[in-house]
Amino acid sequence: MTVAQMTQAALNHLMKQSPDQFFMMVEDGEIDHASHANDAGAAIKDILSFQDAIKVAYDFYKQHPDETLIIVTADHDTGGMAIGSRTNRVNLNLIDSQRISKDKFSDYCRSLIRNNESMSWDEMKKFLSDKLGFWTTVPITENETKDLQVLFDKAIVARESQDQRTLYNNFNQFAVKVFDLFNSHVGTSFISGNHTANPVPVFAIGAGADNFKKALNNIEIPLLIYDLTR
C-alpha cells in the first residue's frame with residue numbers, strides 16, 4: 001500500500017469516527033532512511049511518493065476549505081543532498097533506471113558473503129545492468145568499470161573489506177562504491193550520512209495558515225497547532 005493510499009484510508013476512517021474534528025500526521029520516513037544511505041534515487045522517489053499523499057490531503061482540503069489546515073514540513077534534514085555541481089552534469093532521468101535501493105543492494109552483497117555464495121564479475125555486471133542501468137542507460141566508463149571490478153574482487157570475492165556503518169544499516173563497501181558512482185552520473189551529492197543543521201521549509205494552507213509564515217523553532221509548530229484547535 002502506498003503512502004497516498006494510507007492517507008486516503010486514514011481520512012475515510014477519521015471522517016466516520018470523528019467528523020467534527022481530528023488531527024492526522026502522515027510521514028514518509030523512507031526519505032530519511034534513503035538520505036542516511038546517501039541513496040539519491042530512493043530519496044527522490046520517496047519524495048514523489050510523499051507528494052502523492054499531499055495531493056490526497058489537498059483534495060480533502062478543497063472539499064473542506066474553511067475548517068482544514070495542512071502543514072508540510074520535516075523534523076530535520078539528512079545528508080545535505082545537493083543536485084548539480086561544477087563538475088557533475090545533472091541527469092535526473094537516470095533515476096528511472098534504479099530498481100533497487102542501496103539498502104537492499106548492500107544486504108544482497110552481504111548475503112553473498114554470509115552464505116559463501118560465489119558470483120562472477122560478469123554475473124554482477126548483469127545484475128547492475130538490470131537493477132541500475134549500468135552500461136545501458138547509465139554510461140559507465142571503462143575506467144569506472146575497472147575500479148568497480150577491483151573493489152568487487154576485494155569486497156565480494158576475497159571478503160576483505162569492512163562495512164560502512166550508518167544509523168540504519170551497515171553498507172558493504174562495494175555497494176557504497178556502486179551508489180557513489182550512480183549518484184555522480186545522476187548529478188547528486190551528499191555532505192553527510194547523518195542529520196544536518198540545515199533549516200527545513202514549512203508550508204501551510206487553510207485555516208490558520210498565516211501562523212506558519214515566519215521562521216519557527218520546530219517545537220513551536222505543535223504548540224501553534226494546539227492553540228488553533230482550542
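## Regarding the pairing of strand S1 (residues 69-72)
Burial along S1 is one-sided: Ile70 and Val72 are buried, while Leu69 and Ile71, pointing the other way, are not. Pairing analysis gives 4 bridges linking S1 to strand S8 (residues 203-206), with the strands arranged antiparallel. Counted as the bridge partner of isoleucine 71 is alanine 204 from S8.

## Some words on a nonpolar patch on the surface
Residues Ile83, Val90 and Leu92 make up a contiguous nonpolar surface patch of roughly 240 Å² in combined accessible area. Judged by relative accessible area, which is 47%, isoleucine 83 ranks as partly exposed.

## Focus: the pattern of salt bridges
Enumeration according to the criterion identifies 8 salt bridges in this entry. Where aspartate 59 meets lysine 55, a salt bridge forms, and the shortest distance between an N and an O atom there is 3.0 Å. Within this pair, aspartate 59 and its partner lysine 55 are both found in helix H3 (residues 40-63), separated by 4 residues, close to a single helical turn. A salt bridge links arginine 230 to aspartate 227, with the shortest nitrogen-to-oxygen separation between them at 3.4 Å. In the salt-bridge network here, residues are joined through shared partners; they are Lys55, Asp59 and Lys62.

Cut-offs used in this document
Residues numbered from 1 in each chain as written. Predicted model: local features only at pLDDT ≥ 70, side-chain atom pairs only at ≥ 80, totals over all residues. Heavy atoms only, no water. Buried < 20%, exposed > 50% of the residue type's maximum accessible area, 1.4 Å probe, protein only. Helix = DSSP H or I, 4+ residues; strand = E, 2+ residues; numbered from the N terminus. Pairing = 2+ DSSP bridges. Patch = residues over 30% accessible without salt bridge, like charges linked within 9 Å, V, L, I, M, F, W, Y side chains within 5 Å. Areas by Shrake-Rupley, 256 points an atom, 1.4 Å probe, with all protein chains shown as cover. Salt bridge = Lys/Arg side-chain N within 4 Å of Asp/Glu carboxyl O.

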